[in-house]
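This is what each chain is made of:
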Amino acid sequence: MNKHLSSQDRAALQVALAMRREQLETQRHQHLAGQTRAEHAREVLLQDGDDAPQRDADRELDLAIADREVLGLAAIDAALQRLSSGHYGLCADCEAAIPLARLQLEPQALRCVACESRRERGQPRPASL
Ligand SMILES: [Zn+2]
């Protein structure tokens, strides 16, 4: 259980997470609805299939966007769960307290900046940690 966040901080972060979740959910629904309309248009207009490579590219892009939205929602849900279980705000890798300033910018952050950038560079965690 981390102590570096006051109950006030937690409450504010929980609100921020809930708002982000709602935004992402709205965006996702709009995107899914748009995709459905686009696919319907393709069915109507492009039944001969002579632009299949372009359609595949569009489909790939749609999937990539949808994946990001789903991952974003999952990250927010996980953060909300950590808030309620008392594990929120601790780095998932090194268990250091994640600074409040970072959490305010990115309330769903799972790791401290050092561990996050190490992961982004694709380097393994040093054995000393
Ligand atoms: Zn860390």
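Rules of the game
Residues numbered from 1 in each chain as written. Predicted model: local features only at pLDDT ≥ 70, side-chain atom pairs only at ≥ 80, totals over all residues. Heavy atoms only, no water. Helix = DSSP H or I, 4+ residues; strand = E, 2+ residues; numbered from the N terminus. 1 Å grid on protein atoms, 1.4 Å probe; cavity = no way out; pocket = protein on both sides within 12 Å on 5 of 7 lines; lining within 4 Å. Points joined across faces, edges and corners; volume = space filled by probe spheres on them. Nonpolar A, V, L, I, M, F, W, Y, C, P; charged D, E, K, R; others polar. Core = buried A, V, L, I, M, F, W, Y, C linked by side-chain atoms within 4.5 Å. Buried < 20%, exposed > 50% of the residue type's maximum accessible area, 1.4 Å probe, protein only. Contact = heavy atoms within 4.5 Å. Donors = N, O, S within 2.8 Å, 3.2 Å for Na, K, Ca; no water. Tetrahedral: all angles 85-135°; square planar, octahedral: opposite > 155°, others 65-115°.

(A) Spatial organisation of unusual backbone geometry. Look at Glu-95: it is not a glycine, yet its phi comes out positive at around 65°. Relative to the elements of secondary structure, Glu-95 occurs in the loop between α2 (52–85) and α3 (100–105).

(B) Up close: the layout of surface pockets. For the largest pocket, the calculated volume is near 210 Å³. Listed by contribution, the elements that provide at least two residues to the lining of the largest pocket are α1 (7–45) and α2. At five residues, α2 tops the list of elements feeding residues into the lining of the largest pocket. In terms of residue class, the lining of the largest pocket is built from four nonpolar, four polar and two charged.

(C) Main features of the nonpolar core. Core analysis: the largest hydrophobic core is formed by 15 residues, its most contacted members being Leu-17, Tyr-88 and Leu-103. With four residues, the top contributor of residues to this core is α2. Not counting chain neighbours up to four residues away, the residues in contact with Leu-103 comprise His-4, Leu-5, Leu-13, Tyr-88, Gly-89, Ile-98 and Ala-109.

(D) Molecular detail of the coordination of the zinc ion. Surrounding the zinc ion are the protein donor atoms Cys-91 (SG), Cys-94 (SG), Cys-112 (SG) and Cys-115 (SG), which sit 2.3 Å from the metal. Bound by four donor atoms, the zinc ion shows angles of 105 to 116° at the metal and therefore tetrahedral coordination geometry. Donor residues for the zinc ion, ordered by position in the chain, follow C-x2-C-x17-C-x2-C. With a gap of 18 residues between them, Cys-94 in the loop between α2 and α3 and Cys-112 in the loop between α3 and α4 (113–120) connect regions that are remote in the sequence. For Cys-112, a relative accessible area of 11% gives the class buried.

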